[in-house]
Amino acid sequence: MVNPSSSAGPVSPAKDTSPPTSAISSFFHRPAPLYIASALLRLAFLLYGLWQDAHSPVKYTDIDYLVFTDAARFVSRGGSPYNRETYRYTPILAWLLLPTAQTTGFRFIDTALFSSGKVLFAVADLVAGWLLERVLARSMPAATARKYAAIWLLNPMVATISTRGSSEGLLGVLVVALLSAVLARRVTLAALLLGFSVHFKIYPFIYAPAIVWWMDRERMSSSPAASSGKKPASRGSWISRAVGFVTPERLQFGIISLVTFAALNLAMYAIYGYPFLTHTYLHHVIRIDHRHNFSPYNTQLYFASAVAANVTTNPATTSGSSSLFPSSFRVESIAFLPQLLLSCVLIPLAAAKRDLPTTMLAQTFAFVTFNKVCTSQYFLWYLILLPLYLPRSSFLRQPKLGRAALIRWVLGQALWLHQGYRLEFLGRSAFLPGLFSASLVFFGVNCWILGVIVEDAGRGSGFE
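Residues numbered from 1 in each chain as written. Predicted model: local features only at pLDDT ≥ 70, side-chain atom pairs only at ≥ 80, totals over all residues. Heavy atoms only, no water.

(A) Examining the packing of helix α10 (residues 187-200) against helix α15 (residues 248-272) more closely. Two numbers describe how α10 lies on α15: the axes approach to 8 Å, and their chain directions differ by 35°. For the pair α10 and α15, the sense of crossing is right-handed. For the pair α10 and α15, the contacting residues are Val187, Thr188, Ala190, Ala191, Leu192, Leu194, Gly195, Phe196, Val198 and His199 in the first and Glu249, Gln252, Phe253, Ile256, Ser257, Thr260, Phe261, Leu264, Asn265 and Met268 in the second. Tallied by class, residues from the contact of α10 with α15 come to 12 nonpolar, 7 polar and 1 charged. (Axes fitted to C-alpha atoms, helices over the stretch in contact; angles between N-to-C directions. Helix = DSSP H or I, 4+ residues; strand = E, 2+ residues; numbered from the N terminus. Left-handed = near helix turned anticlockwise from the far one by under 90°. Contact = heavy atoms within 4.5 Å. Nonpolar A, V, L, I, M, F, W, Y, C, P; charged D, E, K, R; others polar.)

Right under this line is the structure:
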């Protein structure tokens, strides 16, 4: 347990001076073996990916990476990244990948330049793991912190997704840096990181309510009363309590993060105009992506997209005729209501003051589980926070529970992937009952896991 009075500023990682007692302990006793192994794992995937792309009709490189690099190519020629159809991201991502648009005429160098974005994402994985270790080391020996950080650093799923060309590792860096800054009471830095994170990818906005609720006057104060860890009883009318809620730190955090987010958006709008707003933000409200989508909304989204395509080619077609629901009602249009209620209101109120890292994990897990579009890349949004939760989780305290959760989560995906393979690769109609039932099973498993995480968050973790 970290004493709150000692954590008002940056905390150095705990020193682990005990001698290693086994091969595993020796591996984690120093940072170099872990980070070298993590880098080599990603290098192996990168090299294998080059081979598979060159020799197999099924490509290793993710389609998103081709979208990113095409957008960077448009930017390098003085155009807009939104000239690339389906580019739905901030222009900053295309700017970061400008080296991928360079050509020299030498095949080896051009391949290396094209792959430089994947290298960037892989390095971001390592940085995120290092930040995880720093946060964990606030409450445990450094070697133990590295063991838990290895859940991210040595995870083949994480390494595969980043080396295929997904940018989620960059979000991992931002999210863990945000949490680290909040725990260190570095309000200005935390606000800047939140504003930039929400601009880069919308979903980190869900953390704002939890952070603001966590930043009460007692926790942010360095007074002896705060250091004792005792919270004074709330007195007075609801008006006085509401006024007391507005602390200088909360105001500072809210204003700076909002100004940062607004300034970035205004700058991008000044450069790229309305297409920036349309593709970066508005698209996500109306998107009906259905491919590789684990969500129970998947089947409805498929029918909605089919109807939209049919109406485009044949305007006389009645909208919604093939939908599971009447044409006047689009169930996916209200999917955000339970999603935001859980992730932005109920979970922060129930747990943020007791355990901020686990609350952020629960928020992310709920946001992904209840999102109308849920792909495997989104799993990285909560996997980055998993090492901060596991040390004091019920899944480790009760090994049978942990094994059951892992097995059910993996089998739930496998069941869906089997149906998805029949649909997307074999061309068979597997929507009902196969794909829809598999989506419900996976959704149910995730809801059960979420319940355990929220219950653990309510007990507190020791992070202050």
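Back to the write-up after that little detour.
(B) Representation of the pattern of salt bridges within the structure. Under the definition given, this model contains 11 salt bridges. For the salt bridge of lysine 201 with glutamate 168, the shortest nitrogen-to-oxygen distance reads 3.3 Å. Taken together, the residues span a long stretch of sequence, with lysine 201 in the loop between α10 and α11 (207-214) and glutamate 168 in helix α9 (residues 168-183) at a distance of 33 residues. Linking arginine 459 and aspartate 456 is a salt bridge whose minimum nitrogen-to-oxygen distance equals 2.2 Å. Separated by 3 residues within a single helix, arginine 459 and aspartate 456 lie in helix α24 (residues 431-459), roughly one turn from each other. (Salt bridge = Lys/Arg side-chain N within 4 Å of Asp/Glu carboxyl O.)

(C) Geometry of a nonpolar patch on the surface. Among the surface-exposed residues, Ile36, Leu40, Leu43, Leu47 and Leu50 lie close enough to one another that they form a single nonpolar patch of about 460 Å² accessible area. Note on placement: leucine 43 falls in helix α2 (residues 31-55). Owing to a relative accessible area of 40%, leucine 43 belongs among the partly exposed residues under this scheme. (Patch = residues over 30% accessible without salt bridge, like charges linked within 9 Å, V, L, I, M, F, W, Y side chains within 5 Å. Areas by Shrake-Rupley, 256 points an atom, 1.4 Å probe, with all protein chains shown as cover. Buried < 20%, exposed > 50% of the residue type's maximum accessible area, 1.4 Å probe, protein only.)

(D) Region of interest: the environment of glutamine 413. Mapped onto the elements of the fold, glutamine 413 is located in helix α23 (residues 399-424). By relative accessible area, which is 12% here, glutamine 413 ends up buried. In this structure the C-alpha to C-alpha distance between glutamine 413 and serine 439, which are 26 residues apart in sequence, comes to 8.7 Å. Excluding anything up to four places from it in sequence, glutamine 413 contacts Phe294, Phe379 and Phe442.

What is shown is where atoms sit, not what they do.
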